[in-house]
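Fold and geometry: a report
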Amino acid sequence: MQNIELEDLKSLTNSALAEVYDLNQSLTPKLGSLLNTQHLERLIEMSECSKALKIKGRIAAFMICFRENTAYESKNYLYFNEKHDQFLYVDRIGVLKGLESNGLGTILYKYIIKNFGKNLKICAEINIKPMNKASVLFHEKHDFICVSERLFDENYKVVYMERNAS
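Below: a short report on this structure.

Using the criterion set out here, one finds 13 aromatic pairs in the structure. Ring centres of Phe-80 and Phe-87 lie 6.5 Å apart, and the angle between their planes is 45 degrees; on these two criteria the pair is classed as tilted. This pair shows no difference in class: Phe-80 is buried, exactly as Phe-87 is. Aromatic ring contacts, followed pair by pair, group Phe-66, Tyr-72, Tyr-77, Tyr-79, Phe-80, Phe-87, Tyr-89 and Tyr-160 into a single cluster.

Here is the structure:
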């Protein structure tokens with residue numbers, strides 16, 4: 001892939017934010033659903049790191065990550081916040097359907113690891129009910145290990161994964 005641009009979500013136009021919102025919604029339940037674009041904007045505002053990859057001017061992938069002690073109320077984020085004094089939580093990474101397995105997720109993770117991974121544990125949760133096997137394998141490929149599992153109800157279970165500071 002060529003002509004990939006990395007952009008900060010905090011500086012995107014309203015139309016580009018709408019693209020990110022639509023991409024997120026197209027990937028549920030693998031990614032948590034958002035109420036609206038204002039909900040997305042609130043997450044971006046709270047985030048420590050929120051980036052988009054653009055190909056030919058269009059959003060192809062995005063990520064939103066949080067540091068410890070933010071106002072984010074996700075139960076999965078709170079698990080890591082109670083466990084660690086310092087960390088980076090990868091809340092969501094979404095890649096446009098049809099572009100999976102083309103290295104876009106790896107570009108985003110390399111950015112995170114380069115900019116945060118030397119000093120911080122990187123944390124994420126992945127759905128295992130419904131199963132998101134591709135994401136589990138992807139995280140294992142990037143040196144994440146399973147530290148716990150959590151069953152929320154009969155239809156929703158996650159695995160908590162961490163990558164140690166390098």
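Having seen it, we continue.
What follows covers the layout of surface pockets. Taken as a whole, the largest pocket encloses approximately 1100 Å³ of empty space. Along its surface, the largest pocket is lined by 43 residues, and Lys-30, Leu-31, Ile-93, Asn-132 and Ser-135 are the ones closest to its centre. Among the secondary structure elements, those contributing two or more residues to the lining of the largest pocket are helix H3 (75-83), strand E4 (87-95), helix H4 (104-116), strand E5 (121-129) and helix H5 (133-141). At 7 residues, the largest contribution of residues to the lining of the largest pocket is made by E4. By residue class, the composition of the lining of the largest pocket is 19 nonpolar, 16 polar and 8 charged.

If you check which residues of H5 are buried, you get Ser-135, Val-136 and His-139. On an axial view of H5, the arc spanned by its buried residues comes to 100 degrees, and they lie on one face. Among the exposed residues of H5, those oriented more than 90 degrees off its buried face are Ala-134 and Lys-141. Here the buried face of H5 lies against H4, E5 and strand E7 (156-163). Among the residues trailing H5, Asp-143 stands out with phi positive, at a value near 70 degrees.

The rules behind each value
- Residues numbered from 1 in each chain as written.
- Predicted model: local features only at pLDDT ≥ 70, side-chain atom pairs only at ≥ 80, totals over all residues.
- Heavy atoms only, no water.
- Phe/Tyr/Trp six-rings, centres within 6.5 Å; stacked < 30°, edge-to-face > 60°.
- Buried < 20%, exposed > 50% of the residue type's maximum accessible area, 1.4 Å probe, protein only.
- 1 Å grid on protein atoms, 1.4 Å probe; cavity = no way out; pocket = protein on both sides within 12 Å on 5 of 7 lines; lining within 4 Å.
- Points joined across faces, edges and corners; volume = space filled by probe spheres on them.
- Helix = DSSP H or I, 4+ residues; strand = E, 2+ residues; numbered from the N terminus.
- Nonpolar A, V, L, I, M, F, W, Y, C, P; charged D, E, K, R; others polar.
- Arc of directions from axis to C-beta.
- Contact = heavy atoms within 4.5 Å.

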